[in-house]
Amino acid sequence: MGLLMLGTPLEYLESRKHNEQVRDDGIEQLLYVFKAASKRDGDPLYWGDEVEYMMVEFDDFSKNATLDVRHDEVLTALNTDDYALCVAHNVHFHPEYGRFMLEATPNAPFKGYPGKYVEFNMRQRRVVAGMAYDRLAKGESGRFGILTLATFPRMGCPDSINVANPWDHKNTASCSLFLPDEVINRHIRFPTLTKNIRTRRGEKVCIHVPMYRDEKTPNADDTVYRRDWFPREDAESELAAKPGYIYMDSMGFGMGCSCLQTTFQAPNLDKARYLYDSLANFAPVLMVVSAASPIFKGWLADQDVRWSVISDAVDDRTPRERGVEPLLPKCNKGGFGAIAPELHNRVQRIPKSRYSTVDLFLGGNKFFKRSYNDTEVPVNEKVLSRLQENHIAPLDYDLARHFAHLYIRDPLVIFQENIQQDNQNSTNHFENIQSTNWQTLRLKPPTQESVSENKDQPGWRVEFRPLEIQLTDFENAAYSLFTFLLADFFLTFTEEINAYMPMSQIWVNMERAHKRDSLINTKFFWKDSFESDGCKTSELTIDDIFHSESNGIFPKFINPILIHRGFIHKSWEELKTSTDHLRLYYYLKLISDRASGKLPTTAKFLRDFVLNHPSYERDSRVNKTINYDILQMCNHISNLDDSRGELARFLGNEIAMYVVNSRL
Ligand code: ADP
Ligand code: MG
Ligand code: MG
Ligand code: MG
Ligand code: MG
Ligand code: MG
């Protein structure tokens, strides 16, 4: 997310008349980007991560922990009064959907292998943000913390945000039964986004997460209640909720989750395409190993990750596009939502939310076969032909198809002041559609300024987006560096490694990745060989996917790139005796031990904490006391405070001791 534009955002019924113009202009803008930058080559492997944080208030008297929505000026301070300090520490803070959220990146990207600097930089972010936070919350009675939690356990339960009477007024942006609008970033873009998704869909969004079943678990989510503030939206919930599932009804439940993303610059467009395609199946399996989301809206879930929750939380497809009946046929005629009547005859079926697994390989290399793109992927035909047939910069079919798929979506927020643009110099309309297609990977094109000679401008980048945020900087650095090593591997061995497999199997993997303890109990499609021409796969456990000598990630990807870099002779485990790379050894050990099940994922650790809590009543409910205790524990772990043995239980003795004794 770049800087937020000020201006007048249009509500969907106003903005929809501009949809086609935004798409048309967006595509022209993209063509000018291609014209400028498609031949660009030799860009270095700059890269960087994004970490998302939640500000949390601890009330030690009532023993409650809440999302802090009262100090969002922390972000303002970090971009004004504290800006010089941020630059000096090479950190940069960005807005996020939640008013309680911060996002932080390095200010200048890393170049190549930065070693422990990644973690050091992450540490600086906590220190700098913590200073601003302390200053702004000074003198208040609560205790505050900045946590890297994937989901806030009781988000959407009563008393889960720190404002006194959030229900003495209506929440007109989300109309949620559970989330007050105070959770939403104050910047007008975010409430508008929330409203426009709901308007276009013709219904509130609807999120179902399977509920963990215990002895006394009720048959259904009994927090769904009758209200008569919004005749349509309030009536939808009872119809939408279903037995056995936790029910959630607004964007904040998804966009209020925190994730870890990494972005890598490739030397040129062809390599960016190859990198994107090669990482496609790493997304589900790495997400499994990063799983950190076992609790939603005060219920234990039978699921370990946040992905499907965000996917549903921003799903603006109408019932007709989803191929289902509307919840209230009288209010959502024909299931067309708010699609303009003159376009009803052009509505197509859309199999997935705009937040989902990648849809198409990008191709453009010798290993790619079009038959690997074997799933149902609708495209915008007009965009598909314009991208291929034009006098600005014609794209090949496979690349054109990728963008033509992204362009089946409508813009979600259009700013009045911004409708007319100079397509040769702006990428605003292009980004409008591009940046609201939230997939497991993103190909990030540069701008029209990024001509070959202009090395100050970014080049072609690929973003890896499936990872859940981890509690400590140590873990977040470990996962970030792991994705870096994979990117480095693919950019090094481009001519030798064929990671293609059928897209349909990657979709299946992503679904399986959601299951509780899928790390232990589920098998995933994985390639038999990465050296041969074909795309044959077998179903393997996560342990085998990471460790198998013949086709596992450590032997086939991590070891070769470390050998290539001169860090080891044969196996990453040699790093244990290295003086320069001992920390890397522990990063890799963490991931290896989690992948083999020797160490719990964050999701398993937190679920077990609830199951063993004295006030847990075997009914899958995570009450206030448990929530408070979870957050206390997470706060200790994040601060590497092992005085209660929590860190050692979480990371194992050896890694915990190393981390505590070698703080950065
Ligand atoms: P977004 O939210 O659109 O994904 P952000 O600006 O939040 O983008 O994060 C982008 C990440 O990419 C940051 O970690 C940043 O350091 C990194 N980055 C910046 N410039 C480059 C570049 N030229 N190549 C690769 N990564 C870059
Ligand atoms: Mg960002
Ligand atoms: Mg973003
Ligand atoms: Mg973000
Ligand atoms: Mg987010
Ligand atoms: Mg990002």
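Residues numbered from 1 in each chain as written. Chains lettered and ligands numbered in written order. Predicted model: local features only at pLDDT ≥ 70, side-chain atom pairs only at ≥ 80, totals over all residues. Heavy atoms only, no water.

## Focus on the overall build of the protein
Line of reasoning, step 1. Within the protein, the regular secondary structure consists of 25 helices and 17 strands.
Line of reasoning, step 2. Here the C-alpha coordinates of the protein stretch approximately 70 × 60 × 50 Å along the principal axes.
Line of reasoning, step 3. The buried share of the protein, taken over its 664 residues, is 66%.
Line of reasoning, step 4. Pairs at least 24 apart in sequence give 76% of the contacts found in the protein among residues at least 6 apart.
Line of reasoning, step 5. With an accessible surface of roughly 24400 Å², the protein has 51% of that area assigned to carbon and sulfur atoms.
Line of reasoning, step 6. Taken as two groups, the 79 positive and 91 negative side-chain charges of the protein have centres that lie 2 Å from each other. (Helix = DSSP H or I, 4+ residues; strand = E, 2+ residues; numbered from the N terminus. Buried < 20%, exposed > 50% of the residue type's maximum accessible area, 1.4 Å probe, protein only. Contact = heavy atoms within 4.5 Å. Areas by Shrake-Rupley, 256 points an atom, 1.4 Å probe, with all protein chains shown as cover. Lys, Arg positive; Asp, Glu negative; His and termini not counted. Charge placed at Lys NZ, Arg CZ, Asp CG, Glu CD.)

## Considering the state of the cysteines
Formally, a disulfide is one covalent bond, and it connects the sulfur atom of one cysteine to the sulfur atom of another.
Line of reasoning, step 1. Enumeration over the complete set of coordinates arrives at zero disulfides.
Line of reasoning, step 2. Free of any disulfide, cysteine 175 has its nearest neighbouring cysteine sulfur in cysteine 331, separated by 13 Å.
Line of reasoning, step 3. Of all cysteine sulfurs in the structure, the one in cysteine 175 sits closest to cysteine 206, which takes part in no disulfide; the separation is 15 Å. (Disulfide = S-S within 2.5 Å.)

## As for the coordination of the magnesium ion (ligand 2)
Line of reasoning, step 1. Taken together, the protein donors to the magnesium ion (ligand 2) comprise Glu50 (OE) and Glu103 (OE), at separations of 2.1 Å.
Line of reasoning, step 2. A gap of 3.5 Å separates the magnesium ion (ligand 2) and the magnesium ion (ligand 3). Within this pair, whereas glutamate 50 is found in strand 1 (residues 46–59), its partner glutamate 103 is found in strand 4 (residues 101–106), the two being separated by 53 residues in sequence.
Line of reasoning, step 3. Under the relative-accessibility criterion, glutamate 50 is labelled buried at 11%.
Line of reasoning, step 4. Glutamate 103 sits in the buried class, given a relative accessible area of 2%. (Donors = N, O, S within 2.8 Å, 3.2 Å for Na, K, Ca; no water.)

## Quick notes on helix 17 (residues 503–512)
Line of reasoning, step 1. Within helix 17, burial applies to Met503, Gln505, Ile506, Trp507, Asn509 and Met510.
Line of reasoning, step 2. If you follow the buried residues of helix 17, they end up packed against helix 10 (282–289), helix 11 (307–313), strand 16 (524–527) and strand 17 (537–540).

## With respect to the packing of aromatic side chains
Line of reasoning, step 1. All told, the structure shown has 42 aromatic pairs when counted by the stated rule.
Line of reasoning, step 2. Measuring from centroid to centroid gives 6.0 Å for phenylalanine 403 and phenylalanine 430, while their planes differ by 65 degrees, and the two rings are edge-to-face. In this pair, phenylalanine 403 sits in helix 14 (residues 397–406) while phenylalanine 430 sits in helix 15 (residues 428–434), placing the two residues 27 residues apart along the sequence. Judged on exposure class, the residue phenylalanine 403 and its partner phenylalanine 430 are both buried.
Line of reasoning, step 3. Ring geometry for tyrosine 586 versus tyrosine 658: centroids 4.3 Å apart, planes at 20 degrees, classification stacked. Remark: tyrosine 658 occurs in helix 25 (residues 653–661) and tyrosine 586 occurs in helix 21 (residues 582–595); sequence separation between them is 72 residues. Each member of the pair, tyrosine 586 as well as tyrosine 658, carries the same accessibility label: buried. (Phe/Tyr/Trp six-rings, centres within 6.5 Å; stacked < 30°, edge-to-face > 60°.)

## Overview of the side chain of glutamate 463
Line of reasoning, step 1. Checked against the element boundaries, glutamate 463 lands in strand 15 (residues 461–464).
Line of reasoning, step 2. Among the polar contacts listed, one links the side chain of glutamate 463 to the side chain of arginine 465, at a separation of 3.1 Å.
Line of reasoning, step 3. Beyond its immediate stretch of four places on either side in the chain, glutamate 463 contacts Glu50, Gln261, Thr262, Thr263, Thr440, Leu441, Arg442 and Lys444. (Polar contact = N/O pair within 3.5 Å; in protein donor to acceptor, adjacent residues only side chain to side chain.)

## Describing the side chain of threonine 262
Line of reasoning, step 1. By the element assignment, threonine 262 lies in strand 9 (residues 260–265).
Line of reasoning, step 2. Apart from the residues lying within four places of it in its own chain, the contact partners of threonine 262 are Trp47, Gly48, Asp49, Val462, Glu463, Phe464, Ser480 and Thr483.

## Considering the pattern of salt bridges
Line of reasoning, step 1. What the rule picks out here adds up to 58 salt bridges.
Line of reasoning, step 2. For aspartate 316, the salt bridge is made with arginine 200, and the minimal N-O distance between the two is 3.8 Å. Within this pair, whereas aspartate 316 is found in the loop between helix 11 and helix 12 (319–322), its partner arginine 200 is found in helix 6 (residues 189–201), the two being separated by 116 residues in sequence. Each member of the pair, aspartate 316 as well as arginine 200, carries the same accessibility label: buried. (Salt bridge = Lys/Arg side-chain N within 4 Å of Asp/Glu carboxyl O.)

## Quick look at the packing of helix 9 (residues 269–279) against helix 16 (residues 473–492)
Line of reasoning, step 1. Following both chains from N to C, one finds helix 9 and helix 16 inclined at 125 degrees, their axes separated by 10 Å at the closest point. In this view, helix 9 runs oblique relative to helix 16, as classed from their interaxial angle. Judged by the twist between their axes, the crossing of helix 9 over helix 16 is right-handed. When helix 9 is examined against helix 16, the residues Lys271, Tyr274, Leu275, Ser278 and Leu279 are found in contact with a partner set consisting of Leu486, Ala487, Phe490 and Leu491.
Line of reasoning, step 2. Residues of the contact of helix 9 with helix 16, tallied by class, amount to seven nonpolar, one polar and one charged. (Axes fitted to C-alpha atoms, helices over the stretch in contact; angles between N-to-C directions. Parallel < 35°, antiparallel > 145°, perpendicular 65-115°, else oblique. Left-handed = near helix turned anticlockwise from the far one by under 90°. Nonpolar A, V, L, I, M, F, W, Y, C, P; charged D, E, K, R; others polar.)

## Here's the deal with the pairing of strand 4
Line of reasoning, step 1. Along strand 4, six of the six residues are buried, which leaves the element largely enclosed by surrounding structure.
Line of reasoning, step 2. Note: strand 1 against strand 4, four bridges, orientation antiparallel. Opposite tyrosine 53, over in strand 4, you have leucine 102 as the bridge partner.
Line of reasoning, step 3. Of the pairings in the sheet, the one linking strand 3 (residues 91–94) to strand 4 comprises four bridges and is antiparallel in character. Note on strand 4: the bridge partner recorded for histidine 92 is threonine 105.
Line of reasoning, step 4. Connecting strand 3 to the next strand, strand 4, in antiparallel fashion are six residues. (Pairing = 2+ DSSP bridges.)

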